[in-house]
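Here are the chains, one letter per residue:
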Amino acid sequence: MITIYRITGIERTGKGMKILVTGGAGFIGSSYIRYMLKKYPDYKIVNLDKLTYAGNLDNLSNAEGNINYRFVRGDIADTKLVDDIIKDVDVVINFAAETHVDRSISDPADFIMTDVYGTYVLLEASRRHGIGRFIQISTDEVYGDAGEEPSEEDAPLMPRSPYAASKAGADRLAFSFWATYKTPAIITRCSNNYGSNQYPEKMIPLFVTNALEDKSLPVYGDGKNTRDWIFVEDHCRAIDIILHSNGIEGEVFNIGSGIEKSILEIAEMILDILGKNNDLIEFVEDRPGHVIRHAVKTEKLRSVLGWQPSIDFQTGMERTIKWYKENEEWWRKIKSGEYLEYYKRMYGDRGRSESR
Ligand code: NAD
Ligand code: DAU
């Protein structure tokens, strides 16, 4: 059967949509690839990933051998490679990025190269080859502090870390390609994801795996900073809906669950689920420029595209913690070598928080 894809006037025929997913060996990208391969057995996915410290092919062991999946190791900032791949695909979904705020504070260069310049290279090739759709995976970090009210899509961008600033650059670059060249870009700004396969230097997997090892949970400052927490599969479902919706080019969509929790609440919840003592919580020196509150309004995504989150926080956290308990080999392999050096650098002589 011939399927016809109609993405804003561009008709694409063939057995299945061909999607370039960048950064597909990371946490959210790999979850998205697993989700898409299962849901659309006739789609073809190319995963372009540099395999930085955060990229991990173990996240995609189920996809190996699937004839609809191809992995290419490479850099999104490599013009020739990107051009060769993009000429043969229908759509691009750009997850690839340096993503850790703390690393961007100590060493911002890679963030500029990948998050800004790499996105430019992808956009330029997409423009040249008349791509059907370009989804830029941005972040709610671009808004900076939400203040009293959750941020709406037209709120000012006030990024507070080199990571957030780089993502804001890429976010607006994607929009500019739509405004200037009609490259059909859509921008998503999601809140904090949690779930399986997240590199254990991000807060939730770090706290869960440290607790499993009876090590301390380093809470920055007074732990009262809040984030909106979304289960990663709910995020993947939102991107799926955006990919298949017409007439939304140039639009920005916030994605979030509306579930706001402080870091301290989450640390206590993890310890409670694991039956460990709260004494494992250690208040350490705060992150410079630390955002007090990230929260987004998601009415646009809900009302225009009919998406809503499906996983409540208790269920999502229980599932997540169960996964780390059952997949010790996955995280123990990471928590060695370079990771231990990073951990020492980051937390070794970090002072105790004075705000307690
Ligand atoms: P991650 O750090 O787990 O994965 C990033 C992936 O990108 C890795 O596989 C890495 O190898 C790859 N990569 C890095 N530089 C590359 C390059 N130059 N070329 C090709 N591949 C490269 O990140 P994540 O948490 O899965 O985030 C994915 C995307 O979602 C990012 O764009 C991030 O900004 C965005 N985002 C993340 C969250 C979150 O809570 N994790 C929330 C909102 C948005
Ligand atoms: O808001 C979306 C963003 O969420 C994404 O764009 C980023 O890629 C993703 O990493 C995440 O950024 P955060 O800075 O919110 O994530 P992180 O896990 O690093 O920190 C979450 C919160 O926990 C933050 O308030 C800082 C705090 N924290 C973090 C670590 C690593 C601690 O208190 N202790 C820690 O050891």
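Residues numbered from 1 in each chain as written. Chains lettered and ligands numbered in written order. Predicted model: local features only at pLDDT ≥ 70, side-chain atom pairs only at ≥ 80, totals over all residues. Heavy atoms only, no water.

Trainee: Looking at this structure, how should I read the overall build of the chain?
Mentor: In terms of helices and strands, the chain carries 12 helices and 14 strands. Seen along its three principal axes, the alpha-carbon backbone of the chain occupies a region of about 60 × 45 × 35 Å. Relative to its full complement of 356 residues, the chain shows a buried share of 56%. One finds the centroid of the 45 positive side-chain charges in the chain at a distance of 4 Å from the centroid of its 54 negative side-chain charges. (Helix = DSSP H or I, 4+ residues; strand = E, 2+ residues; numbered from the N terminus. Buried < 20%, exposed > 50% of the residue type's maximum accessible area, 1.4 Å probe, protein only. Lys, Arg positive; Asp, Glu negative; His and termini not counted. Charge placed at Lys NZ, Arg CZ, Asp CG, Glu CD.)

Trainee: Even after reading the chapter, I still don't get the confidence of the model for the chain, so can you show me in this structure?
Mentor: Caution is warranted with low-pLDDT regions, since their predicted coordinates should not be read in detail. On average, residues of the chain score 94 in pLDDT, and 95% of them are at 70 or above. Overall, residues 1-14 carries pLDDT values under 50, and its contacts beyond four positions in sequence, including any with other chains, amount to 38 contacts. (pLDDT = per-residue confidence, 0-100. Contact = heavy atoms within 4.5 Å.)

Trainee: For this particular structure, what's the right way to read helix 6 (residues 203-212)?
Mentor: An α-helical segment advances 3.6 residues per turn. Residues three or four places apart therefore align on the same side. The buried count for helix 6 comes to 9 of 10 residues, which makes it a mostly enclosed element. Where helix 6 is concerned, the buried positions are M203, I204, P205, L206, F207, V208, T209, N210 and A211. One or two residues past the end of helix 6 sits D214, with phi positive at roughly 55°.

Trainee: Would you take a moment to explain the site of ligand 1 for this structure?
Mentor: The environment of ligand 1 is made up of 28 residues, and the closest members are I28, D49, T99, Y163 and K167. At a separation of 3.0 Å, a nitrogen atom of ligand 1 approaches a polar side-chain atom of T114. One nitrogen or oxygen atom from the side chain of Y163 is found 2.7 Å from an oxygen atom belonging to ligand 1. When ligand 1 sits alone it has 840 Å² of accessible area, and the protein chains cover 97% of it. Of all the elements, strand 7 (residues 133-139) adds the most residues to the shell around ligand 1, at 3 residues. Broken down by class, the residue content of the shell around ligand 1 amounts to 12 nonpolar, 12 polar and 4 charged. (Near = heavy atom within 4 Å. Polar contact = N/O pair within 3.5 Å; in protein donor to acceptor, adjacent residues only side chain to side chain. Areas by Shrake-Rupley, 256 points an atom, 1.4 Å probe, with all protein chains shown as cover. Nonpolar A, V, L, I, M, F, W, Y, C, P; charged D, E, K, R; others polar.)

Trainee: Looking at this structure, how should I read the site of ligand 2?
Mentor: Not every one of the 23 residues close to ligand 2 is listed here, only the nearest: D140, Y163, R287, H290 and Y347. At a separation of 2.9 Å, an oxygen atom of ligand 2 approaches a polar backbone atom of T99. A distance of 2.6 Å separates an oxygen atom of ligand 2 from a polar atom in the side chain of Y163. Elements with a minimum of two residues in the shell around ligand 2: helix 3 (101-106), helix 6 and strand 10 (217-220). For the shell around ligand 2, the class distribution of residues is 10 nonpolar, 6 polar and 7 charged.

Trainee: Just checking my understanding: could you explain a nonpolar patch on the surface for this structure?
Mentor: The grouping of M113, Y117 and Y120 at the surface amounts to a nonpolar patch, some 280 Å² of accessible area in total. Along the chain, Y117 falls in helix 4 (residues 109-128). Looking at Y117, the relative accessible area reads 35%, which means it is partly exposed. (Patch = residues over 30% accessible without salt bridge, like charges linked within 9 Å, V, L, I, M, F, W, Y side chains within 5 Å. Salt bridge = Lys/Arg side-chain N within 4 Å of Asp/Glu carboxyl O.)

Trainee: What's the story with the sheet that holds strand 7 in this structure? I'm lost.
Mentor: Through backbone hydrogen bonds, the strands of a sheet pair up, either in parallel or in antiparallel fashion. Pairing within the open sheet is parallel, and its 7 strands lie in the order 5-4-3-6-7-8-12. Edge positions in the open sheet fall to strand 5 (69-73) and strand 12 (252-255), since each of these has one partner strand only. On average, each strand axis in the sheet is inclined to that of its neighbour by 20°, with strand direction left out of account. Alignment of strand 7 against strand 8 (residues 185-190), held across 6 bridges, turns out to be parallel. Residue pairing for strand 8: Q136 is matched across the bridge by I187. Each of strand 3 (18-22), strand 4 (44-49), strand 5 and strand 6 (91-94) is contacted by helix 1 (residues 27-39), which is oriented at about 170° to strand 4, the strand it contacts most. (Pairing = 2+ DSSP bridges. Axes fitted to C-alpha atoms, helices over the stretch in contact; angles between N-to-C directions.)

Trainee: Would you mind going over the pattern of salt bridges with me for this structure?
Mentor: For side chains of opposite charge, pairing can occur when their charged atoms come near one another. Scanning the entire structure with this criterion turns up 25 salt bridges. K333 serves as the salt-bridge partner of D58, at 2.8 Å between the closest nitrogen and oxygen. Of this pair, D58 sits in the loop between strand 4 and strand 5 while K333 sits in helix 11 (residues 328-334), placing them 275 residues apart in sequence. What makes D58 partly exposed here is its relative accessible area of 34%. When the shortest N-O distance is used, the salt bridge between R128 and E124 registers 4.0 Å. Taken together, the residues span about one helical turn, with R128 and E124 both in helix 4 at a distance of 4 residues. With a relative accessible area of 14%, E124 lands in the buried category. A cluster of three or more residues bridged by salt bridges with shared partners is formed by E213, K215, E328, R332 and K335.

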